[in-house]
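Coordinate analysis (summary)
Listed here are the chains, written in short residue letters.
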Amino acid sequence: MKVRPFYLLLALAIPLLGSAPAAAQFKPSKPIEFVVHTGPGGGADVLARAIATAMEKEKLIPVRMQVVNKTGGGGATAMAYLAEKKGDTHTISAFTGLWFTNPLMRAEAKITMKDLTPVVRLVLEPAMIVVKNDAPYKTLKDFIDAAKQNPGSLKQSAGSIGARDWLVRQLLMKQTGANWAYISFPSGGERIAALLGGHVNMMLIEPQEAGEHIRAGNLRVIVQISEERLPPFPNVPTMKEAGFDATVPQVRGIIAPPGIPAEVLAYWEDVFARFVKTATWKKYLEDNLFVDGFQRSAELNKFIDEYSETTRGILREGGVKVVR
Amino acid sequence: MDVITGLFQGFAVALTPVNLLWCFVGVFLGTIVGILPGLGPAATIAMLLPLTFQMNPTSAVIMLAGIYYGAKYGGSTTSILLNVPGESASVVTCFDGYQMAKRGRAGAALGIAAIASFVAGTFGVIGLMLIAPPLAKFALSFSSPEYFALMCLGLAMVVLLAGKSMVKALLAMLVGLWIAGIGTDLFTAESRFTFGNAELLDGVDFVVVAIGVFALGEVLGNMETRESGQMLPVPKGLRKLLPTLDELKACRFAFVNGSVIGFLIGVLPGAGSTIASFISYGVEKAVSKHPERFGTGVPEGVAAPEGANNSETGGAMVPLLTLGIPGSGTTAILLAAFILWGLRPGPLMIQDNPTLFWGLVASMYIGNVMLLVLNLPLVPLFAQILRLPVYMLYPVIFGISIVGVYSVSSSLFDAWMLTAFGLLGYAMRKLDYPAAPLILGFVLGDSMERALRQSLMMSQGDLSILVSRPMSAVMLLLAALILLTPLMRKVNAWRVRAIEEGG
């Protein structure tokens, strides 16, 4: 909470910065350290490396970006590392939904998003709920009805508590009164294998991950978790169209250490505002079936408050201990 | 017939000069990465990925896959010479490999590791080529109850890894299981034994435990007894550096065992090469005529685990290419790379992209030959490292270990943890506790707990799910049999004595 006045100032300053070329005041003078919380090959790492390569290709910044992996603590290590770099103008990091929920659930993860300087939101990752092709469920309603008839016997293969698939399940169960098992697997591969092998009944999956199995006819999409229908699946309803209010986005964006000068924040906002308009980035979104979710710092701060509050509520109702 | 035409087509792709070059670059880099502890193939592939966008996809895939299986060859080098596992799968190679080096057979151990890697690596590719689709089906039929049974089978190996005292072995294993429990509980999101340290939320890294307990423990222990200027004896003359015919003969079964077990376990996305090497080592010891000599430097104790962890790569390619399911960190990055190039591993890949699939398979045959040719001449060279006087070698091992651990997570916390595990390893040596059961417990603990809880969630708390499924029942029965062997041996010894006394 102690950083609040700073953000208020910032919010006021942004409209001015947007029009004036004030951003030109700051220019990075040495390579940028791009911190990610996953190991090489993890979601955040792949995104960061793609951004670094695209920045270089589009010549948007005068220096290189060096990806640094600070793994551990479900993002907590990277967040603590950023907090330590207070005022560092040559460090940025890629955040994801985990950065919101992890500090809420774990006392050890002491740094929250609001202790850092959120820069921009970049991506909203859609998802889909899939079942095996020979399953009797044609729609999400079919699945929910079946779950109601046999409480607790249907199974979802999924990630950890507090992850997006858990949040969606909690919302659906709350709205419908249905109940099914949530079986955690650490890797996406194991989740798909459990579904394909018929050991569980459904899972929430990123479109890219499911694409080939849908094309081969092994999996069927019953609903899309996205505001609008994705181009490859024009005939599958969105969550809202199916009559449920459980469109939880998976967000990704850029965040910086606390206490950086306003002109540095403005510089990064400006760079990324131009970045999201490049053809390279648009193609990247298209290839990965990501949705453009660009927001500047002021909006992003508002989004963080709302999202954290919603998540806190879902966690509490799900019986998870919320620590902050 | 499809296979043969496919393979011809594949060799036509893989044998073009450009692809041969990239294949060599891949396996060469892989060997180096495997030798360096800490820096693994996953990190290397991720770092090189952006550079490969300019290449044609087939060449890029051939090169990156080369790094993946090449690393398995290199991993054994530091295990054998310095007792420093170069990567997690090479821990088991330390057991007998380092003991062989201690007896002056370092060159032979390295040679056997290279040959076992070649035989099993090639076997893995043949398996991938011939039976990928049906095997993928087999992998899918495997679920949590089966994984739990497989882990039990692995854990039962403790009775085979025990030294003189079974009690001490079991205690060490329990400590390993406990260390595996540190971190966040996947099912409840609660933290266990973290004592408020965010660094411990993701648990303890395997490299930290293995390098600490093995390498540092060994060095600390050796520093007490400074008898000779040289750490280990190295015989003069090239001939003495290579495995003898007898040693190779002793490994005959180990080559087969390692190949088959490694491949089958590799196919399962939830198992991994460390488990494969443990199980094949256990099997080798169980069927051996002289099980008591395992752990003192028998060649088959090197051949079996090295074989298993190399044929595992062929196995792991099965779910990766035919289902798009990665089984390990490295295959996950390979998958990410495939997708970035617009190639889509999955049920339709062999149909849609035959050139790439068969090109890759053919390149793996070539790559394995290259690795053998590359690694065998290096054996005498690497063995010379041991000629270094201890006052130079020990600091080097310390340095390599600390840098290796730091390079995994770039956190100093891990370096301190390494120190703690080094001291633990030292204490265990002094008190005559075996280190292998600790590592075994640590490797299996996490997946075993997970598989059990997943199974019980699937069955709504009914334990019979573990024995009502045929595959899991068979594996549990095997585990029970293995657990009973030392008891039967005791009963037998007692009976023999009774008869002798009576007679």
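Just so it is clear, the structure is predicted and the values come from calculations on it, not from any experiment. (Residues numbered from 1 in each chain as written. Chains lettered and ligands numbered in written order. Predicted model: local features only at pLDDT ≥ 70, side-chain atom pairs only at ≥ 80, totals over all residues.)

**Some points on the overall build of chain A**
Regarding its fold elements, chain A presents 11 helices and 11 strands. Here chain A has a C-alpha radius of gyration of 20 Å; the compact-globule value for 324 residues is 20 Å, and the two agree. Along the three orthogonal principal directions, the C-alpha set of chain A runs to about 65 × 40 × 35 Å. A buried classification covers 52% of the 324 residues belonging to chain A. Counting only contacts in chain A whose residues sit at least 6 apart along the sequence, the fraction spanning at least 24 positions is 78%. (Helix = DSSP H or I, 4+ residues; strand = E, 2+ residues; numbered from the N terminus. Rg over C-alpha atoms; globule rule 2.2 N^0.38 Å. Buried ≥ 20, exposed ≤ 12 C-beta atoms within 10 Å, placed from the backbone. Contact = placed C-beta atoms within 7 Å.)

**Let's talk about the overall build of chain B**
When you go through chain B residue by residue, the secondary structure sums to 23 helices and 2 strands. The C-alpha atoms of chain B give a radius of gyration of 22 Å, which matches the 23 Å a tight globule of 503 residues would have. In terms of principal-axis extent, the alpha carbons of chain B reach across some 70 × 60 × 60 Å. Taking all 503 residues of chain B together, 60% fall into the buried category.

**Overview of the pairing of strand E3 (residues 91–96) of chain A**
Residue and element names in this part refer to chain A. Burial of E3 is extensive: 5 of the 6 residues sit out of reach of the surface. Both strand E1 (residues 32–36) and E3 contribute to a ladder of 3 bridges, which runs parallel. Looking at the pairing, Val35 lines up with Ser93 of E3. Sheet topology places E3 next to strand E10 (residues 250–256); 4 bridges connect them, and they run antiparallel. (Pairing = 2+ DSSP bridges.)

**Observations regarding the sheet that holds strand E2 (residues 65–69) of chain A**
Residue and element names in this part refer to chain A. In space, the 6 strands of this open sheet follow the order E2-E1-E3-E10-E4-E11, with mixed pairing throughout. Every other strand in the sheet has two partners, leaving E2 and strand E11 (291–295) as the edge strands with one partner each. Put simply, the sheet's adjacent strands are angled 25° from each other on average, direction ignored. Here strand E4 (residues 117–125) runs beside E10; their pairing, made up of 7 bridges, is antiparallel. Looking at E10, one finds that Glu125 is bridged to Gln250. (Axes fitted to C-alpha atoms, helices over the stretch in contact; angles between N-to-C directions.)

**Quick notes on the interface of chain A and chain B**
Each side of the interface is counted separately: chain A has 47 residues, and chain B has 45 residues. Where the side of chain A that touches chain B is concerned, the elements lending two or more residues are helix H2 (43–58), E2, helix H3 (76–84), strand E7 (181–184), helix H7 (188–196) and helix H8 (207–215) of chain A. Residue composition of the side of chain A that touches chain B, by class: 17 nonpolar, 21 polar and 9 charged. (Nonpolar A, V, L, I, M, F, W, Y, C, P; charged D, E, K, R; others polar.)

**Topic: the nonpolar core**
Ranked by internal contacts, the top residues of the largest apolar core, which has 274 residues, are Ile439(B) and Leu440(B). For this core, the leading source of residues is helix H6 (residues 106–141) of chain B, giving 21 residues. Residue contributions to this core reach at least three from each of two domains, namely domain 1 (4–125 + 249–317) and domain 2 (127–225) of chain A. (Core = buried A, V, L, I, M, F, W, Y, C linked by C-beta atoms within 7 Å. Domains from an automatic or database assignment.)

**Observations concerning the packing of helix H12 (residues 252–267) of chain B against helix H13 (residues 273–287) of chain B**
Residue and element names in this part refer to chain B. Their axes nearest at 9 Å, the elements H12 and H13 cross at an angle of 145°. Crossing handedness for the pair H12 and H13: right-handed. Of the residues in H13, those in contact with Ala254, Asn257, Gly258, Ile261, Gly262, Ile265 and Gly266 of H12 are Ser273, Ile275, Ala276, Ile279, Ser280, Val283 and Glu284. (Left-handed = near helix turned anticlockwise from the far one by under 90°.)

**Details of the pairing of E10(A)**
Extensive coverage of E10(A) is indicated by the burial of 7 of its 7 residues. Burial along E10(A) is two-sided: the residues Gln250(A), Arg252(A), Ile254(A) and Ala256(A) and Val251(A), Gly253(A) and Ile255(A) are all buried.

**Concerning the environment of Gly152(A)**
Along the chain, Gly152(A) turns up in the loop between helix H5 (140–149) and strand E6 (155–158). Sequence separation between Gly152(A) and Glu125(A) is 27 residues; the distance between their C-alpha atoms is 29 Å. What Gly152(A) contacts, discounting residues up to four positions off in sequence, is Asn179(A), Trp180(A), Ala181(A) and Gln460(B).

**Here's the deal with the environment of Lys57(A)**
Looking at the secondary structure, you find Lys57(A) in helix H2. When the C-alpha positions of Lys57(A) and Tyr137(A) are compared, they lie 46 Å apart, and in sequence the two are 80 residues distant.

**Regarding the domain arrangement of chain A**
Residue and element names in this part refer to chain A. If you check the domain split of chain A, you get domain 1 (4–125 + 249–317) and domain 2 (127–225). Domain 1 and domain 2 are separated by 30 Å when their C-alpha centres are compared. With 11 residues of domain 1 at the contact, the number on the domain 2 side is 10 residues. Among the elements of the structure, helix H4 (98–105) and helix H11 (297–317) are those that each provide at least two residues to the side of domain 1 that touches domain 2. For the side of domain 1 that touches domain 2, the element with the highest residue contribution is H11, accounting for 4 residues. Across the side of domain 1 that touches domain 2, the residue classes break down as 4 nonpolar, 5 polar and 2 charged.

**A few points about helix H5 (residues 91–102) of chain B**
All names here are of chain B. With 12 residues, H5 should cover 16 Å at 1.5 Å per step; its first-to-last C-alpha distance of 17 Å lies within 8% of that length. Of all 12 residues in H5, 11 are buried; the element is thus mostly enclosed. Where H5 is buried, its residues contact helix H4 (57–82), H6, helix H10 (206–224), H13, helix H14 (300–323) and helix H21 (436–458). Among the residues trailing H5, Gly104 stands out with phi positive, at a value near 85°. (Expected span 1.5 Å × (residues − 1).)

**A few points about the sheet that holds strand E9 (residues 219–225) of chain A**
All names here are of chain A. Strand order across the open sheet formed by 5 strands is E7-E6-E8-E5-E9, with mixed pairing between neighbours. Single-partner strands in this sheet number two, and they are E7 and E9. Strand-to-strand, the axes of this sheet are offset by a mean angle of 30°, without reference to chain direction. Direction of pairing for E6 relative to E7: parallel, over a ladder of 4 bridges. Counterpart to Lys155 in the pairing with E7 is Ala181.

**Some details on H12(B)**
Residues and elements named next belong to chain B. With 16 residues, H12 should reach 22 Å at 1.5 Å per residue; the first-to-last C-alpha distance of 24 Å fits that figure. Within the span of H12, buried status applies to Ala254, Phe255, Asn257, Gly258, Ser259, Ile261, Gly262, Phe263, Leu264, Ile265, Gly266 and Val267. Where H12 is buried, its residues contact H6, H13 and H14.

**Considerations on the packing of H12(B) against H14(B)**
Taken N-terminus to C-terminus, the directions of H12(B) and H14(B) make an angle of 35°; their axes are 6 Å apart at the nearest point. Handedness of the crossing formed by H12(B) with H14(B): right-handed.

**Quick notes on unusual backbone geometry**
A positive phi angle is found at Lys59(A), which is not glycine, with a value near 50°. Secondary-structure assignment places Lys59(A) in the loop between H2 and E2. Assessed through the 7 C-beta atoms surrounding it within 10 Å, Lys59(A) is described here as exposed. You will see that Gln460(B), though not glycine, has its phi angle at about 55°, which is positive. Relative to the helices and strands, Gln460(B) is located in the loop between H21 and helix H22 (465–468).

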